[in-house]
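# Report on the structure
Letter by letter, the chains look like this.
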Amino acid sequence: MKILPIHRNFIIINQVIIATVFNFFINIGIAWLLYRQVEQIPLWGLKGIAMDTMATAFVLTLLSYYYITLSVWFTMKRKWLPIMENYPTVGIVSKFIRLPIVVQGIIFAFLASLLIGCPVILFLFLTNTQSMPYGSFFWYKAIFGAALSLIVSPPIGLLSILDFSRRRKLIW
């Protein structure tokens, strides 16, 4: 499988730059909306840092998966982005892109929570972070959302391109 420069540029612009900036500001809005009246946010609890981190890792990834998939499919359907000729036909990626989009999104969100959210919470726990003042949490949430997007959005974009290319070949 060879990624063409047009696919690479599309992923860099849309899934790295735009998605990261967008998720940074979305998480600023969420932090302000949910926590602006809380002086100290505890690490544990229903309205705690750990719960928010896991929820952000799961929900942001899940919504990003669906949004990016729709965006890629719309772009490719309009022929603004060509289909990828040599998509994988064997292996785990091939099996993954054969799953329904809903299942793909849930699996990817679960993996993001497990592989990104859990280690961040573990780091906070091991550094004896018991709570954060609102100002620190505000920036933590914004930066975590942007960093998470930076990690998960490029593979989602590539998987969406591969998935659309495979489905397009099946239809035509």
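## Points about the environment of isoleucine 12
Note on placement: isoleucine 12 falls in helix α1 (residues 5-35). C-alpha separation for the pair isoleucine 12 and proline 154, spaced 142 residues apart in sequence, amounts to 7.4 Å.

## Thoughts on the confidence of the model for the chain
Summarising the model, the chain shows a mean pLDDT of 91, and 94% of its residues fall at 70 or more. Mean pLDDT across the elements of the chain ranges from a minimum in helix α3 (residues 92-97), with 85, to a maximum in helix α4 (residues 101-126), with 96.

## Topic: the environment of glutamine 104
Among the secondary structure elements, glutamine 104 is positioned in helix α4. With 39 residues separating them in the primary sequence, glutamine 104 and tyrosine 65 have C-alpha atoms 8.1 Å apart. At a separation of 3.4 Å, a polar atom in the side chain of glutamine 104 contacts the main-chain carbonyl oxygen of phenylalanine 96. Side-chain polar atoms of glutamine 104 contact the backbone oxygen of leucine 99, separated by 2.8 Å.

## Brief notes about a nonpolar patch on the surface
Together, Val102, Val103, Ile106, Ile107, Phe110, Leu111, Leu114 and Leu115 make up an exposed nonpolar region whose accessible area comes to about 690 Å². If you trace the backbone, leucine 115 turns up in helix α4. Since its relative accessible area comes to 60%, leucine 115 is described here as exposed.

## Quick word on the nonpolar core
Soluble globular proteins tend to bury their nonpolar side chains together. Ranked by internal contacts, the top residues of the largest apolar core, which has 38 residues, are Ile49, Phe108, Phe137, Tyr140, Leu148, Val152 and Ile161. Of all the secondary-structure elements, those providing two or more residues to this core are α1, α2 (49-77), α3, α4 and α5 (134-171). Looking at which element gives the most residues to this core, the answer is α5, with 13 residues. Apart from the residues lying within four places of it in its own chain, the contact partners of valine 152 are Thr61, Phe108, Ala112 and Ile116.

## Focus: the packing of aromatic side chains
Taken as a whole and assessed by the stated rule, the structure comprises 11 aromatic pairs. On the basis of an interplanar angle of 55° and a centroid distance of 5.8 Å, the ring pair of tyrosine 134 and phenylalanine 138 is categorised as tilted. With a gap of four residues between them, tyrosine 134 and phenylalanine 138 both fall in helix α5, about one helical turn apart. In textbook terms, an aromatic cluster arises when at least three aromatic residues are bridged by ring pairs, as seen for Phe24, Phe25, Tyr134, Phe138 and Trp139. When the ring centre of tryptophan 32 is taken as origin, the NZ or CZ atom of arginine 36, which lies over that ring, is 4.3 Å away. Over the ring of tyrosine 35 we find lysine 47; its NZ or CZ atom is 5.5 Å from the centre of that ring.

## Structural notes on the packing of α1 against α2
Their axes nearest at 11 Å, the elements α1 and α2 cross at an angle of 140°. When the axes of α1 and α2 are compared, the pair comes out oblique. Taken as a pair, α1 and α2 cross one another with a handedness that is right-handed. Judged by residue contacts, Phe10, Gln15, Asn23, Asn27 and Tyr35 of α1 engage Asp52, Thr56, Leu60, Ser64, Ile68, Val72 and Thr75 from α2. Residue composition of the contact of α1 with α2, by class: five nonpolar, six polar and one charged.

Calculation notes
- Residues numbered from 1 in each chain as written.
- Predicted model: local features only at pLDDT ≥ 70, side-chain atom pairs only at ≥ 80, totals over all residues.
- Heavy atoms only, no water.
- Helix = DSSP H or I, 4+ residues; strand = E, 2+ residues; numbered from the N terminus.
- pLDDT = per-residue confidence, 0-100.
- Polar contact = N/O pair within 3.5 Å; in protein donor to acceptor, adjacent residues only side chain to side chain.
- Patch = residues over 30% accessible without salt bridge, like charges linked within 9 Å, V, L, I, M, F, W, Y side chains within 5 Å.
- Areas by Shrake-Rupley, 256 points an atom, 1.4 Å probe, with all protein chains shown as cover.
- Salt bridge = Lys/Arg side-chain N within 4 Å of Asp/Glu carboxyl O.
- Buried < 20%, exposed > 50% of the residue type's maximum accessible area, 1.4 Å probe, protein only.
- Core = buried A, V, L, I, M, F, W, Y, C linked by side-chain atoms within 4.5 Å.
- Contact = heavy atoms within 4.5 Å.
- Phe/Tyr/Trp six-rings, centres within 6.5 Å; stacked < 30°, edge-to-face > 60°.
- Lys NZ or Arg CZ within 6 Å of the ring centre and 35° of its normal.
- Axes fitted to C-alpha atoms, helices over the stretch in contact; angles between N-to-C directions.
- Parallel < 35°, antiparallel > 145°, perpendicular 65-115°, else oblique.
- Left-handed = near helix turned anticlockwise from the far one by under 90°.
- Nonpolar A, V, L, I, M, F, W, Y, C, P; charged D, E, K, R; others polar.

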